[in-house]
Every structure is written in structure tokens, then in C-alpha cells.
Amino acid sequence: MFEEASEVFDNMFKSSFPLTFIVFIPAVLILVSPLPAEAAHEFTVYRMQQYDLQGQTYGTRNAILNTEARTVEAEVLSRRCVIMRLAEFSYEEYQKALRQSAGAVVIILPKNMSAMPQDIVQHFMELEPEMLATETIVPVYFAMEDDELLSIYTQTLTSSSSQGSLSAAEVLLHTATANGFQMVTSGAQSKAVSDWAITSLEGRLAGVGGEDLPTIVVVTHYDSFGVAPWLSYGADSNGSGVSMLLELARLFSKLYTYKRTHAGYNLLFFVSGGGKFNYQGTKRWLEDNLDHTDSSLLQDNVAFVLCLDTLGNGDTLHLHVSKPPKEGSPQFSLLKELELVAASQYPEVKFSMVHKKINLADDMLAWEHERFGIRRLPAFTLSHLPSHRLAQRFSIMDSRPYVDVEKLSRNTKLVAEALARVIYNLTEKGAPGDLQIFTEQMVQDEQLSAVVDWLTAQPRAAQLVDKDSSVVSTLEYHLGHYLKDVKRHYVKADKRDPEFVFYDQLKQTMNAYRVKPAIFDLLLAVCIAAYLGVMYLAIQNFGVLYSVVRRITQPKTKTH
């Protein structure tokens, strides 16, 4: 009976080759049908800066990511998403990923960056400008660390590190059997944002006593900057400057309310946008006031322009000037009053003047007062930083803990006292240096702290603050509460020859899918092909195979 069955199967498969596939193809399809990919984690990522400034491109030029994850320990990074942690980040490894044409770079930041060791924070601050200066087509993203993302990094690190110590066969087997992560962004390719408007705000307090009164201009910029716009909170630079300007506006608005203390100076307050992009808001404001109008306080008797930048920490104050003020000028008076108030009332503060000429050959101006200096207006910048090159002015690490409200309040009172002594000419009237115009209760620490808290609760990169932003409307409200004639000024890039160009897709959702590597599919296909080949040969030679099996399994007969 078995011999007959073997002949039937043998003839059936030999005579009907398609029947062989009808029998086995369904089984093969079941084996090779792909399992649905498991979504391991979904998280928000923040893309590195992408902008053009004065024809020069900066940052990453790509936003799309769909590639497998690796760490820098892997030997091959080409077309892979390289994951790094800030704690182990180095510029050399970052450059290694770029040189090998990585598919993307994702840098994981700790939840509480203020708790990071200071040397790591300072090191990354110094690297941010270098990262931006290197234009790359590799998408670079930042993500905030959580438990699942840390687990993905750990598994990827283990997989990447083990490959270097194994033989070729072991690496192949490990690669084929290990689980990997496919990193995929949900957004589209980045494109230039058209008609973006940078908004600046102006308000004034009119002096009393004549028509041709001198004008003192107090200026600060509100926008922040860092390697990733959505992570740029700019606490000290320049949340502290905005907070000080609002407090100065409040203090002098009270003095200008009463006839006895209404001084013979116009006070003009200007909060500029686009400060981190070569002071675009200030540049347009100066053009509008000096070139396109016949009546402006800036065209008349400007005593000096005082720019406020990074004043929320430290026990030093530096007055940065492009040209040392001449004796007898209002600028010289302010310099001497700052020195006097610091020495008499705040001996712990070391005050100095820093002279640096304007270098028009540089792509970026050093300080905001240089915009006024180019237009021959007497100006200087007050900061606790001795140099414009210090990294904290342009870093995502400049967060709320970097502002000491007590020192910000002290610096605000020092500046207010010096300005009041200039406005009321107190030194020439014989007033002692320790005379206090503003009592300790008049400078409100709570308000200074509240403004800094509000400013650092949201990123204020120029690409994110449009004319309808709550940042602009809230600043406008506060200025309107203290000042008169508050108005907005807008600057848009020229369409033919734009000085600045911003790009979108700066914040996206990234998915990490748990997948098998591509080599797994190849090995699986080889195994299936081998299996089908063996089965085909077995079927084509079913009679021979059956005879062999029958011979092996047939019981031996005993011989007598």
C-alpha cells in the first residue's frame, strides 16, 4: 500500500510542477509575511538652527529622518541615526558622524540641565557656535531625556559597542538576531518662511522745560538664541535686560508723574527684536527714524544711548564703548556717575569701561550699541560680561537658574541711581555719592523675578516670535502701562536681497520603531530559499527518498 502511495505522490508532483507551488507557496507566504513594527516610543525633537544671514548659511539644511539608530561607538555610521547623550558629547565624535555621512544626529539632553556639572555645561556652550558655523545636510535634533528614550539609547549602545570585539561571523549573527530601532520623523522637508516680520516696541516719557530737550535712549533686545530655537530661553541674555528696562520704565514714570521731579530730559525706551541676528530690529528702527521721517527724537539732541545686555549675574559691570566719551559730554557724565554710585553704594561691584572699535568687516556686530555708533549716535552697552565672545550669550544652557534676582535688582538700582544723577545733575549740585534717589522698596524684586520667570517660561528665538505672539503683546501691555506713545515697528526681509531668511520644521515628533535589521530579511530569504530547494528535490525524488527511508526503518530479518 505504501509503495502505491509513493508512486502516486511521485507522479503527481513530477507531472504537475505548478501544483508543487500551490502546495508550498501558502506556507512560504505565512513564513515571510512581515510582522507589524512595534512602536517603541514617540517623543518631541527640536531641530538645530537653520537660517541665512547676509547671504551666509548656518546650521542644518535637512529635516527628514527615516533611518536605523546607532551610537558613535559603531564602526559604520553612514546612513544611520547617531544617538548621543550630552554627558558624553564631544565635538570630535559629532564631526565623525558628519564625515561618515550619517543619516541624522540626535543629542539627548537631561531633564534638568541646571543640575549638569558646570564643566560639561561650559564645554557645550563653547561648542554651540562651532556646531552652527558648520553647515551640514545631516539633520541634527535635540530631545529631552526620559526613561524610554534612555532605554533606547542603552540598547543601541550595547548593540553598537559589542560589534567591535566580535569576529565577522559573530557580528553577522548578532546583527541578524538583534533588535534595532528605526527613527522616523513625522514632518516634511524644511522650507524658507516668507514675509516673516520681526517686531520691536517703542515708548517714551516726555521731559519738561522746553522744546529742544536732550533725549536719553534706553535699549534692549528681547529675543533669545541657541543651537536649537525651541530650546532657547535666554534667561540672562537677554531676559535680564528686558526685566531691567521694564523696571527702569516703571521707576522713571513715577518720577515724571510729579511736577517737582519731572526732569528736563526726554526718555525713549526701545525693546528690539532680532537682536541675535545682527540687531535687525534696531537697524530698521534707526532707518525709519533717521532716514524716513522729518520729526524724531533720534534726530534731535540725543544725549546718549544706553543698551542693556546680560545683567542678571556676577559682581562686575562693564560699560562697552566704541569710542571713549569726551570729558564734559553727557556720555562722560553717565560713566562717572556709574563709577561713583558703584564705589559709594555698592563697593562689591567692580565697574570698568571696555573700549572696542567697531569692526565693519565682521559678519556680526559685537554689541547693540554699535548699531547706533555706525549712525554716529553716542552709545554704549552695559553688561556683566567683559567680552561679547562669551558663550552664554548664545546658548540653550542660559536658563532661569543663571539669573540671580538679588544681583539683577542691585544692578537695576545702580543703573537707576546713575541715570537719575545725570538727569537731575546731582553731582554738579554737590549731592554726595551715597545719596539714594530710589529706596530699597521702590525697586521691586518680585516684579523683576516675575518678568524673568515669564520670559524664561517660553522660547523667544526670533523665528518663533511673530507679530501675534504673546511675548510681543505682553511686552506692549507693560510698556503701555508706564510709557506714552507706545508703538510697534516691523522689519521684513527684502524679497530680492534678503538680509535674513528663517526656515520652518524646527519642532517635530519622532517615532522610534523596534525593528529587525535589513540583514535579517536577507538571511531569512536565504533560509527560505534553501528550504524550498530541499523540499523541491525531495518531492522530485520522492520515490528514491521513500525507498531509502523504508530501507532504514524496515526491521531486519533474523537468519538461522
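This one's a predicted model, so the numbers in the text were calculated from it and none came from an experiment.

## A word on the packing of helix 7 (residues 235–255) against helix 11 (residues 405–423)
Phase 1: Two numbers describe how helix 7 lies on helix 11: the axes approach to 10 Å, and their chain directions differ by 45 degrees. By the angle class used here, helix 7 and helix 11 are oblique. Here helix 7 runs over helix 11; the crossing is right-handed. Residues Ser-240, Ser-243, Met-244, Glu-247, Leu-248, Leu-251 and Phe-252 of helix 7 form the contact with helix 11, whose own contacting residues are Leu-408, Asn-411, Thr-412, Val-415, Ala-416, Leu-419, Ala-420 and Ile-423.
Phase 2: Along the lines of polarity and charge, the residues of the contact of helix 7 with helix 11 split into 10 nonpolar, four polar and one charged.

## Overview of the layout of surface pockets
Phase 1: The volume enclosed by the largest pocket comes to roughly 740 Å³.
Phase 2: Forming the boundary of the largest pocket are 29 residues, of which Pro-129, Met-364, His-388, Arg-389 and Phe-394 lie nearest the centre.
Phase 3: Of all the secondary structure elements, the ones that give two or more residues to the lining of the largest pocket are strand 2 (50–53) and helix 4 (118–133).
Phase 4: With six residues, the top contributor of residues to the lining of the largest pocket is helix 4.
Phase 5: In terms of residue class, the lining of the largest pocket is made up of 16 nonpolar, four polar and nine charged.
Phase 6: Estimates place the volume of the second largest pocket at around 480 Å³.

## Some details on the packing of aromatic side chains
Phase 1: Taken as a whole, this structure holds 15 aromatic pairs when the rule is applied.
Phase 2: Relative to Phe-277, the ring of Phe-225 lies with its centre 5.6 Å away and its plane at 75 degrees, an arrangement referred to as edge-to-face. Taken together, the positions of Phe-225 in the loop between strand 10 (215–221) and helix 7 and Phe-277 in the loop between strand 11 (266–272) and helix 8 (280–290) put the pair 52 residues apart, joining distant regions of the chain. As far as the burial class goes, Phe-225 and Phe-277 line up, both buried.
Phase 3: By relative accessible area, Phe-225 is classed as buried at 7%.

## Topic: the environment of Val-76
Phase 1: Counting through the fold element by element, Val-76 comes out in the loop between strand 4 (66–71) and strand 5 (80–85).
Phase 2: When the C-alpha positions of Val-76 and Ala-97 are compared, they lie 9.3 Å apart, and in sequence the two are 21 residues distant.

## Looking at the sheet that holds strand 17 (residues 500–502)
Sheet strands pair by backbone hydrogen bonding; their relative direction is either parallel or antiparallel.
Phase 1: The antiparallel open sheet is built from three strands, whose spatial order is 3-2-17. Pairing within the sheet leaves two strands with one partner each, and these edge strands are strand 3 (56–59) and strand 17. Neighbour to neighbour, the strand axes of the sheet diverge by 20 degrees on average, direction disregarded.
Phase 2: For strand 2 and strand 17, the ladder comprises three bridges, and the chain directions are antiparallel. What sits directly across from Tyr-51, in strand 17, is Phe-502.

## Description of the side chain of Ser-272
Phase 1: Position of Ser-272 relative to the elements: it lies in strand 11.
Phase 2: For Ser-272, a relative accessible area of 0% gives the class buried.
Phase 3: Side-chain polar atoms of Ser-272 contact the side chain of Glu-368, separated by 2.8 Å.
Phase 4: Once residues lying within four places of it in the same chain are set aside, the contact partners of Ser-272 are Thr-199, Ser-200, Thr-220, His-221, Tyr-222, Asp-223, Thr-282 and Glu-368.

## What to know about the sheet that holds strand 14 (residues 350–355)
Phase 1: Across the sheet, eight strands lie side by side as 14-13-15-12-10-11-9-16; this open sheet has mixed pairing. The sheet terminates laterally at strand 14 and strand 16 (484–492), the two strands that pair on one side only. On average, adjacent strands in this sheet sit at an angle of 20 degrees to one another, irrespective of strand direction.
Phase 2: Sheet topology note: the strand 10/strand 12 (residues 302–308) ladder contains five bridges and is parallel. Across the sheet, residue Ile-216 finds its bridge partner in strand 12, namely Phe-304.
Phase 3: Helix 9 (residues 330–345) rests against strand 12, strand 13 (316–321), strand 14 and strand 15 (379–383) of the sheet, and its axis sits at about 45 degrees to strand 12.
Phase 4: Helix 11 contacts strand 10, strand 11, strand 12, strand 13 and strand 15 of the sheet and is inclined by roughly 180 degrees relative to strand 12.

Cut-off values and rules
- Residues numbered from 1 in each chain as written.
- Predicted model: local features only at pLDDT ≥ 70, side-chain atom pairs only at ≥ 80, totals over all residues.
- Heavy atoms only, no water.
- Axes fitted to C-alpha atoms, helices over the stretch in contact; angles between N-to-C directions.
- Helix = DSSP H or I, 4+ residues; strand = E, 2+ residues; numbered from the N terminus.
- Parallel < 35°, antiparallel > 145°, perpendicular 65-115°, else oblique.
- Left-handed = near helix turned anticlockwise from the far one by under 90°.
- Contact = heavy atoms within 4.5 Å.
- Nonpolar A, V, L, I, M, F, W, Y, C, P; charged D, E, K, R; others polar.
- 1 Å grid on protein atoms, 1.4 Å probe; cavity = no way out; pocket = protein on both sides within 12 Å on 5 of 7 lines; lining within 4 Å.
- Points joined across faces, edges and corners; volume = space filled by probe spheres on them.
- Phe/Tyr/Trp six-rings, centres within 6.5 Å; stacked < 30°, edge-to-face > 60°.
- Buried < 20%, exposed > 50% of the residue type's maximum accessible area, 1.4 Å probe, protein only.
- Pairing = 2+ DSSP bridges.
- Polar contact = N/O pair within 3.5 Å; in protein donor to acceptor, adjacent residues only side chain to side chain.

Treat this as a map of the structure, not an account of what it does.
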